[in-house]
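# Understanding the architecture of this molecule
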Amino acid sequence: MDSNHNSNIAEYLRKSALENPHSLAVVAPYSVDEMGRTAYTHLTAYQLNEESDNIARGLESAGIKKGMKTALLVKPSPVFFALVFALFKVGAVPVIIDPGIGIKSMGECLNEVGPEAFIGIPQAHAARIFLGWGRKTVKHLVTVGKKWFWGGNTLSELRKIGLETDGYDMYEPTEDDIAAILFTSGSTGIPKGAVYTHSIFNHEVEYLKKVYHIQPGEMDLSTFPLFALFGPALGMTSIIPDMDATKPASADPSKLVSAIEDFGATNMFASPAIVNLLGRYAESENITFTSIKRVISAGAPARPDYLQRLQNWVLVGFESFGSFGATDGFRVWYIGSWKIL
C-alpha cells in the first residue's frame, strides 16, 4: 500500500490478497469433532477480499451507498469481517456497538446516530422492531440468517447478486470522509461514538505496527471484535475464540487456551478481565503459553498484578501493553515501567 493515508482502509486487505492470497485472514470455531476438539472454519486473504467484493456489489444493489450510516449487529464471525470490509469498499459508514453495554444503552446509541441502514442477525432485527431502534431513520434492511416478518433482503440474496459480476471499484475517500463510528464499551462512563475517517484508520495501522512491532504472518487471538478487524490490515490472522464477547469475564479459559495452542497465537488483545482469567487458569493448571509474545489490554484499567501473573506463565520474550480505548488515545505499559505515548 502506498503512503496515502486517505486511501480506503480496505486497500490493506486487497494488497494482502494479492501478495499472500493463501494466508489465513480469519478463523472461527465451527463445530466440535468426535474427540471433543474444536473444528474451525476460515477465510484466506484472497477469499475475504473476494467475499467482501461480492457483498459490496449486493449492498449497492440494495441501496446502501457512500456515506450511509449502517448499524451492524452481527456476531463475531468470518461474515462479520466480510461485511465490515464490504461497507468500507462501498463507502458506507458501519456503526459498531459493543453489545455488552446492554439493551437500553444499545438503543440510546443507535437513536443518537440515526442509521439509515440496519444489518443484523434475526434477533437483532426483532429487538429493533420491538424496542423501536432507528424507527425514524432506518430504511434499508439486511438480515444475516433467516428473515422473519420484516422486509428488506437477506445477506444470501445480496451475495448472489454480487456473484453475477466480477471485480469491484472500491470507493476512494477524501480526507474528511467518515469510515466508521465505533462506540466504546462505556466502562468509564456513557458509551461514546468515536468517529473514524479512513485516514485515522490508516494512521492507526501504521502506528500499531510501529509501537507493537507487529509482523505479517502473526496469529492474533482477539477477544474483542473491533480490534480483530485490524488483523487483516496488519497481515495477521484474526483468531475468533469460542466465547461470548459480550461477557468476557464468563469466558471458559480452557477454550481460550485451546485457541492459543491450536494456532500458536503470538498476539492477544484482551480486557483486564480476560488477562486475569487466563493468568489464574495458567497458575492453577500449571500451563505455559510458549507462543504468546505480546498482550494488548484495554477497556478498563490494566492492573499490574494481572499482567504480572500472566507473564509468569509465558516463556518467550514477552511485552504487555495497556491501551486506553478508542476515544482516549493510547497508554502503553511494559513490564516494570510506564511509557506514555
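Just so it is clear, the model here is predicted, and its values are computed rather than measured. (Residues numbered from 1 in each chain as written. Predicted model: local features only at pLDDT ≥ 70, side-chain atom pairs only at ≥ 80, totals over all residues. Heavy atoms only, no water.)

### Things to note about the overall build of the chain
In terms of regular secondary structure, the chain is built from 12 helices and 16 strands. Here the chain holds 341 residues, and 54% of them are scored as buried. Relative to all contacts within the chain whose residues are 6 or more apart in sequence, the contacts with residues 24 or more apart total 65%. Here the chain has roughly 15,400 Å² of accessible surface; of this, 53% comes from carbon and sulfur atoms. (Helix = DSSP H or I, 4+ residues; strand = E, 2+ residues; numbered from the N terminus. Buried < 20%, exposed > 50% of the residue type's maximum accessible area, 1.4 Å probe, protein only. Contact = heavy atoms within 4.5 Å. Areas by Shrake-Rupley, 256 points an atom, 1.4 Å probe, with all protein chains shown as cover.)

### As for the confidence of the model for the chain
Across the chain, pLDDT averages 86, with 89% of residues at or above 70. The low-confidence segment residues 327-341 (pLDDT under 50) makes 41 contacts with residues lying over four places distant or belonging to another chain. (pLDDT = per-residue confidence, 0-100.)

### Thoughts on the packing of aromatic side chains
A full pass over the atoms with the stated rule returns 12 aromatic pairs. Between Y40 and F263, the aromatic rings sit 4.8 Å apart at their centres with planes inclined by 80°, giving edge-to-face as the arrangement. Linking Y40 in strand β2 (residues 38-44) with F263 in helix α10 (residues 253-263), this pair joins segments that are 223 residues apart in sequence. Seen from the ring of F118, R128 lies directly overhead, with NZ or CZ sitting 5.4 Å from the centre. (Phe/Tyr/Trp six-rings, centres within 6.5 Å; stacked < 30°, edge-to-face > 60°. Lys NZ or Arg CZ within 6 Å of the ring centre and 35° of its normal.)

### Some remarks on the packing of helix α2 (residues 45-61) against helix α3 (residues 78-90)
Contact pair α2 / α3: the axes reach a minimum separation of 8 Å and the direction vectors enclose 60°. One element, α2, and the other, α3, form an angle in the oblique class. The handedness of the crossing between α2 and α3 is right-handed. When α2 is examined against α3, the residues L48, N49, E51, S52, D53, I55, A56, L59 and E60 are found in contact with a partner set consisting of F81, A82, L83, F85, A86, L87, K89 and V90. Class assignment for the residues of the contact of α2 with α3 results in 11 nonpolar, 2 polar and 4 charged. (Axes fitted to C-alpha atoms, helices over the stretch in contact; angles between N-to-C directions. Parallel < 35°, antiparallel > 145°, perpendicular 65-115°, else oblique. Left-handed = near helix turned anticlockwise from the far one by under 90°. Nonpolar A, V, L, I, M, F, W, Y, C, P; charged D, E, K, R; others polar.)

### Quick notes on the environment of V27
Its place among the elements puts V27 in strand β1 (residues 24-32). The exposure class of V27 is buried, given its relative accessible area of 2%. Taking the C-alpha atoms as reference points, V27 and I240, separated by 213 residues in sequence, lie 6.1 Å from one another.

### A look at the packing of α2 against helix α6 (residues 155-162)
Put simply, α2 and α6 touch, their axes get as near as 7 Å, and they point 105° apart. Classified by the angle between their axes, α2 and α6 sit roughly perpendicular to one another. Where α2 approaches α6, its residues E51, N54, I55, R57, G58, L59 and S61 are matched on the opposing element by L155, L158, R159, I161 and G162. Split by residue class, the contact of α2 with α6 holds 5 nonpolar, 4 polar and 3 charged.

### A look at helix α11 (residues 272-285)
Think of an α-helix as 3.6 residues a turn; residues three or four steps apart then line up on the same face. Between its first and last C-alpha, α11 extends 20 Å over 14 residues, near the 20 Å set by a 1.5 Å rise per residue. Along α11, the positions that sit buried rather than exposed are P272, I274, V275, N276, L278, G279 and A282. Of the surrounding secondary structure, the elements contacted by the buried residues of α11 are α10, β12 (267-270), β13 (294-297) and α12 (304-311). One or two positions beyond α11, positive phi appears at N286, with a value near 55°. (Expected span 1.5 Å × (residues − 1).)

### With respect to the nonpolar core
Grouped together as the largest cluster of nonpolar side chains are 60 residues, with contacts concentrated most on L59, I64, F88, I119 and F201. Here this core takes 10 residues from α3, the largest share from any one element. Among residues more than four places away in sequence, those in contact with I64 are L59, T70, L87, V90, A92, A117, I119, H140 and V142. In terms of nonpolar packing, the next biggest core, distinct from the first, is built from 27 residues, A251, A265, F289 and V314 among them. (Core = buried A, V, L, I, M, F, W, Y, C linked by side-chain atoms within 4.5 Å.)

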